[in-house]
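Below, each chain spelled out in residue letters.
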Amino acid sequence: MKGFDYKTDAWIQWCPGCGNYGILTALRNAIAEVEIDPKKLVIVSGIGCSSRIVYYIRGSNVHTIHGRAIPVASGIKLANPDLMVIVAGGDGDLLGIGAGHFVALGRRNIDLKVLIHDNAVYGLTKGQAGPTLPSAVKLRAMNYPNSHEALNPLLLAFASGYTFIARAFAYHVKPLKDLIKEVLMHRGSAVIDILQPCVTYNDLMTRDWFEKRIYYLDSLPNESELLQKMKEVDRIPLGVFYKIEKETFDQKINSIMGRKNKGVRNV
Amino acid sequence: MKVDLSLAIGGFQGGGIESAGQIALRAFVLKGYEVFGSREFHSNIIGAHSYYHIRVGGKALRLPLDALIALDAESIFTHLQSLSKEALLICDQYSLTTKASEIPSMSKALKRRIEQNYGDLSLNKILTDQELKIVALPMRDLLKELSHERSMISVSKALNVMGISAGLYLLGLNKETIKKAIEGQFSNPGINLKAMEIAIEKVKDLERKELPDGKKEDKLILSGNEAVAMAKISSGLDFLSFYPITPATDETLFIEKSGKIITVQAEDEISAIGMALGASLAGLRASTSTSGPGFSLMNEMVSFAVQAEIPIVITLWMRSSPSTGIATRTSQQDLLHAIFSGHGDTPKVVIASGDHSEAIEDTARAFELAEKFQIPVIHLLDKFIASAITTVDKNAFRTLPKRDFSENSDGYLRYKITEDGISPFLPIGRATMIVSSLEHDEYGSATEDPVDREKMILKRIKKLEKASEVLSEESYSVYGDHEPEITIVSFGSTKNAIMEAIEELKIPIKFVQLRILSPFPDLSKELVGKVLVIESNAGQLSFLLKVHCRVDGTAKKLNARPIYVDEVVKAIKAFMNGEKEVIMSEGV
Amino acid sequence: MKERKCANCNNWSPHNLYSFVGYCYEKKKLSFSEYFCELFIELELEEEFYWCGTCRSIIESEEVKEHISKRHRISRRAFMDPDYREEIYEG
Ligand SMILES: Cc1ncc(C[n+]2csc(CCOP(=O)(O)OP(=O)(O)O)c2C)c(N)n1
Ligand SMILES: [Mg+2]
Ligand SMILES: [Zn+2]
């Protein structure tokens, strides 16, 4: 199949130039190359501009409420482990209002792939500071400079126990597609922080701004350099930072309960 | 001559509809007329249809439209059936070759309806059968003319000004008034004024009747969000915490911008109300603002505020639910949600305002009640009021004295049992005390003792009974005839449409407009004749009224659009003809 | 070869809402779709995303052929008013 085959006839409602287009194409092409049956593809999103992605990919998708995609996706995956369950949402959705669930997912290692559309703003509500916006920055729709410090999604993911942690750039469609393919193969809680310029409200972290700063990691960082790489801010490393194999939540539950089946069968 | 006009300006979201609408409002105010402007829009989607509906000479919306200024083809298709027979239609000549099927932003449902009504024809063909006064301007040629004279920055703000200038001029406003309105709108209006010149030049020979001057008054022109924000500031608000959500955010950002009030953007609504409760405990006048989804998250904290007796004003801007619903459209679906919010026996006050002036009044009243009775006060408003713009008296705003903390701190009992249930409030830090979510004794220490428990629950209920006594007369307003055939009961933003409908019907009707919905007032003596409830939800006030009194019929608005005078007139007539349930479906 | 006018020029992008007007990134000013000038160069189709003025939507390079075959107006990107954000409402 081709990415095209997963297209829907919905009129796409993102601003021209939005980084979400890159993510959409990369995701569509990745699932096409992995040849996921659209019936078994479940994209679960929260609320935000980015969360509208569920309308633009043919799958068996769920648009939940603000900040709560992870709990709903967790239930789906535990009930039917045969499904490919992807969580997509904004930085505000996953790391602001939904941060508690983001942490809990890492601790559980449920086999979900979390794509953070990280534009550092609340796009849908017109450009307030998002959780990943650096402090003291004043974007065009803000009354005052940001009084919060930026949250680092990679460090939070690492501290929470995610077993696959990566960062990507929305406009680099092909590398992003390859990365998504890799994450689709991983078993366990996985996260890609996708830097996604918002052309409408984030007048600092623009495409140019990122392109001056980003570079690709040559290889998986070893333990001694891992945290330092995750913390780097002047230059922004992209790629896979961390990847391990660990028992997943449903495996644990099954072994605790002495069950052979994974999840509820015959759904 | 009474001037009464309904007009709409429609176009692309992002295409200058907001500024065009505001120019029109300002122009009519300059001319001395009553205005009311309501904006209808899609959720943050550039290029989707949005429009401004303006009523001149009244405070409620009316249909059909006397004029439509359509900046694109979709606007004509969308509003065609809302136009009066001989309405003025100002449009772009080049948009008339468009068929509905060719408009990517138009919803499938609307395309289907248009196709059913007219077939898949171009506007040119559809419009030939109509008696409309069509003024088709060659927009791109006018724009070229402008671009030869000036270097342009914003295409939208040239085209919208051209459209609105031609429209206002043909509706009978003079050039001077339009010019002043444009100057008031833009900080650097040179190019916009030139656009106005070009547009008016193009239509100057067409038939028009000059409007007479109205009554000039010095009033503020405000949105509902701004009105409430200013009322909070004037009431002496010290602390505001919020999580962004439509249609509450504009209120909070206005307050933040004022620079006078501690304003914090929280990580979610639980935190937003939690911070406000903390600030209130520490003695500040505190508030939070939200909409349905956010208020759902606040529920547990509402119960905490009741139990721990913490004053707080929660401004609840209702939008179209359930769940995320239609985030940018209106409804009154959170009435029961507000009244029954919080787990357990949670007495609280719920106030609803019918328009901008009442919203200002009720904001101050909400703080007074919250602080006097140390309870949560939920101020119910909706998206319709939030984004509607109208004139407001300059001295509508009250100031409130600072909170009173004169109680002696020696031997202080946070939950002292008193006759009216109200224990003197001292902020955290002024005395030793415990503020507790657990059931507690007078000091605040946790207790499971049955006698203590009963006392405390009765104390909290007594406060609400006291509030009920204090409020009794002020809990509702009565309008119209006192010996009527029917009594209409309603709350919130339906008010002005109902008032005008009653005026128009000229039959004896009484209108009881509820301002306080918790504690629910005793209406037994007020309900005369048959009782009709009018509301923008599936029957929530009807439910309450049935429990407390009686109801004979309900007129409901369910389509997430504002309420129009004309559909209320029809609903009342239908009710008088024996219909028990009327659904009002106007609006696009 | 395509007609030498702004609408077919690689330097030009149509306005996202009003396709008859647009912006020339060479001359750095507005011009109208049927204008032409000496700087004309034919549209190069070698990017990942394009703007389809007919669909008023961003499209992927893979989709370009199909839109062109339906005679849609394709350009490299859309031009937006510099102050468009003042005019969009929140969600
Ligand atoms: C409980 C609740 N609170 C607030 C909102 C309003 N809201 C919708 S989207 C959003 C944030 C959007 O930001 P983000 O998640 O970063 O997504 P983006 O639009 O940037 O892609 C907010 C606050 C809501 N829908 N529900
Ligand atoms: Mg975001
Ligand atoms: Zn197309």
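Located above this text is the structure these notes cover.
Position numbers for residues start from 1 in each chain and track the written sequence from start to end. Here every chain gets a letter starting at A, and every ligand a number starting at 1, in the order they are written. With pLDDT at 70 or above as the cut-off, local features in this predicted model cover only qualifying residues; side-chain atom pairs require 80 or more to be listed or tallied, and sums for whole chains, interfaces and linings still use all residues. Heavy atoms throughout the structure, all of them, feed into the side-chain values; hydrogens and water do not.

*Asks:* What's the story with the overall build of chain C in this structure? I'm lost.
*Replies:* What counts as a helix is a DSSP run of H or I of at least four residues, what counts as a strand is a run of E of at least two, and both are numbered from the N terminus. Helix and strand counts for chain C come out as one helix and six strands. Starting at the N terminus and walking to the C terminus, you meet the elements of chain C as β-β-β-β-β-α-β. The C-alpha radius of gyration computed for chain C amounts to 13 Å, which stays within 12% of the reference 12 Å derived for 91 residues, consistent with globular compactness. Out of the 91 residues in chain C, the part that is buried amounts to 55%. Here the accessible surface of atoms and residues is derived via Shrake-Rupley with a 1.4 Å probe, and residues count as covered only by protein chains that are part of the display. Taken as a whole, chain C presents about 4,600 Å² of accessible surface, with 50% of it coming from carbon and sulfur. Throughout, the radius of gyration refers to the C-alpha atoms, and the reference size of a globule is 2.2 Å times the residue count to the power 0.38. For each residue, the accessible area found with a 1.4 Å probe, counting protein chains only, is set against the maximum for its type, and the residue is called buried under 20%, exposed over 50%, and partly exposed in between.

*Asks:* Sorry, what's going on with the coordination of the magnesium ion (ligand 2) here?
*Replies:* Six octahedral donors at a metal ideally form angles of 90 or 180 degrees, and four tetrahedral donors ideally form angles of 109.5 degrees. In this description, a donor is an N, O or S atom within 2.8 Å of the metal centre, a cutoff extended to 3.2 Å for sodium, potassium and calcium. Water is not part of the atom list, which can make sites seem incomplete. Every protein donor of the magnesium ion (ligand 2) is accounted for by A:Asp91 (OD), A:Asn119 (OD1) and A:Val121 (O), and the metal-donor separations fall at 2.1 to 2.2 Å. By relative accessible area, which is 2% here, A:Val121 ends up buried.

*Asks:* When you look at the interface of chain B and chain C in this model, what are you seeing that I'm missing?
*Replies:* Quoted interface sizes are often the accessible area lost when the parts come together. Facing the 39 residues of chain B at the interface are 24 residues of chain C. Carbon and sulfur atoms make up 58% of the surface buried where chain B meets chain C, a total of about 2,800 Å² over both sides. Buried area adds together the accessible area that both of two parts lose upon being put together, with accessible area traced by a 1.4 Å probe. It is B:Phe12, B:Ile46 and B:Val155 that lose the most area in chain B upon contact with chain C, and together they represent 19% of the buried surface on that side. Should a side-chain nitrogen of Lys or Arg be within 4 Å of a carboxyl oxygen of Asp or Glu, the pair is scored as a salt bridge. Between C:Asp83 and B:Lys157 there is a salt bridge, and its shortest N-O distance comes to 3.3 Å. Listing elements by their share of the side of chain B that touches chain C, those giving two or more residues are helix H1 (17–31), helix H5 (139–149) and helix H6 (156–170) of chain B. No other element matches the five residues that H5(B) contributes to the side of chain B that touches chain C. Contact definition: two residues touch when any of their heavy atoms are within 4.5 Å.

*Asks:* Sorry, what's going on with the packing of H1(B) against H6(B) here?
*Replies:* For any two helices packed against each other, one specifies the inter-axial angle together with the distance between the axes. All names here are of chain B. Axes here mean lines fitted to C-alpha atoms, for a helix over just the part in contact, with angles spanning 0 to 180 degrees between N-to-C directions. Running from amino to carboxyl end, H1 crosses H6 at an angle of 35 degrees, the nearest separation of the two axes being 9 Å. The crossing of H1 and H6 is right-handed. Between H1 and H6, the residues in contact are Ser19, Ala20, Ile23, Ala24, Ala27 and Phe28 and Lys157, Asn160, Val161, Ile164 and Leu168, respectively. Charged means Asp, Glu, Lys or Arg here, nonpolar means Ala, Val, Leu, Ile, Met, Phe, Trp, Tyr, Cys or Pro, and polar covers whatever is left, Gly included. In the contact of H1 with H6, the residues fall into eight nonpolar, two polar and one charged. In a left-handed crossing the near helix is turned counterclockwise from the far helix by less than a right angle, and in a right-handed crossing that turn is clockwise.

*Asks:* For this particular structure, what's the right way to read the sheet that holds strand S12 (residues 349–352) of chain B?
*Replies:* Hydrogen bonds along the backbone pair up the strands of a sheet, which may run parallel or antiparallel. All names here are of chain B. Any two strands with at least two DSSP-identified bridges between them are counted as paired. The strand order across the open sheet formed by seven strands is S9-S8-S10-S11-S13-S12-S18, and the pairing between neighbours is mixed. Both edges of this open sheet fall to strand S9 (262–265) and strand S18 (516–518), since each of them pairs with a single strand only. Pairwise comparison of adjacent strand axes, ignoring direction, gives a mean angle of 20 degrees for this sheet. Note that S12 and S18 share two bridges and pair antiparallel. Residue pairing for S18: valine 350 is matched across the bridge by serine 518. Sheet strands touched by helix H14 (residues 356–373): strand S10 (286–290), strand S11 (312–318), S12, strand S13 (376–382) and S18. Its angle to S13, the strand with the most contacts, is close to 165 degrees.

*Asks:* Mind showing me how you'd approach the interface of chain C and chain A here?
*Replies:* Each partner contributes residues to the interface: chain C has 20 residues there, and chain A has 21 residues. Where chain C abuts chain A, roughly 1,700 Å² becomes buried across the two surfaces, and 54% of that area is made up of carbon and sulfur atoms. Residues A:Arg28 and C:Glu60 are paired through a salt bridge, measuring 2.4 Å at the closest nitrogen-oxygen approach. Counted as a polar contact is a pair of N or O atoms within 3.5 Å, where, for protein atoms, one must be capable of donating a hydrogen and the other of accepting one, and residues adjacent in sequence contribute only when both atoms are in side chains. On the surface where chain C and chain A come into contact, there are nine residue pairs in polar contact (both at pLDDT 80 or more). Sorting the residues of the side of chain C that touches chain A by element identifies strand S4 (49–52), strand S5 (57–60) and helix H1 (61–69) of chain C as the ones contributing at least two each. Looking at the side of chain C that touches chain A residue by residue, the class counts come to nine nonpolar, three polar and eight charged.

*Asks:* Any chance you could explain the state of the cysteines here in plain terms?
*Replies:* The bond known as a disulfide is covalent and runs between the sulfur atoms of two cysteines. Our working definition of a disulfide is a cysteine sulfur pair at a distance within 2.5 Å. In the structure shown here, the tally under the stated rule is zero disulfides over all chains. The structure places no disulfide on A:Cys15, whose sulfur is separated from the nearest cysteine sulfur, that of A:Cys18, by 6.4 Å.

*Asks:* Teacher, can you tell me more about the site of ligand 1 here?
*Replies:* In the vicinity of ligand 1 there are 23 residues, among which A:Cys49, A:Ser50, A:Asp91, A:Asp93 and B:Glu269 approach most closely. Note on terminology: near, applied to a residue and a molecule or strand, indicates that one of the residue's heavy atoms is within 4 Å of it. Nearby residues around ligand 1 are contributed by chains A and B. A:Asp91 is positioned such that a nitrogen or oxygen atom in its side chain is 2.8 Å from an oxygen atom of ligand 1. Relative to its unbound accessible area of 590 Å², ligand 1 is 98% covered by the protein chains.

*Asks:* What is the right way to look at the coordination of the zinc ion (ligand 3) in this model?
*Replies:* All names here are of chain C. Protein coordination at the zinc ion (ligand 3) comes from Cys52 (SG), Cys55 (SG), His67 (ND1) and His72 (ND1), with a distance range of 2.0 to 2.3 Å. One can describe the site at the zinc ion (ligand 3) as tetrahedral: its four donor atoms subtend angles covering 104 to 117 degrees at the metal. The class of cysteine 55 is buried, set by a relative accessible area of 19%. All geometry calls rest on donor angles, where a four-donor set with angles between 85 and 135 degrees is tetrahedral, four- and six-donor sets with opposite donors more than 155 degrees apart and all others between 65 and 115 are square planar and octahedral, and all else is irregular.

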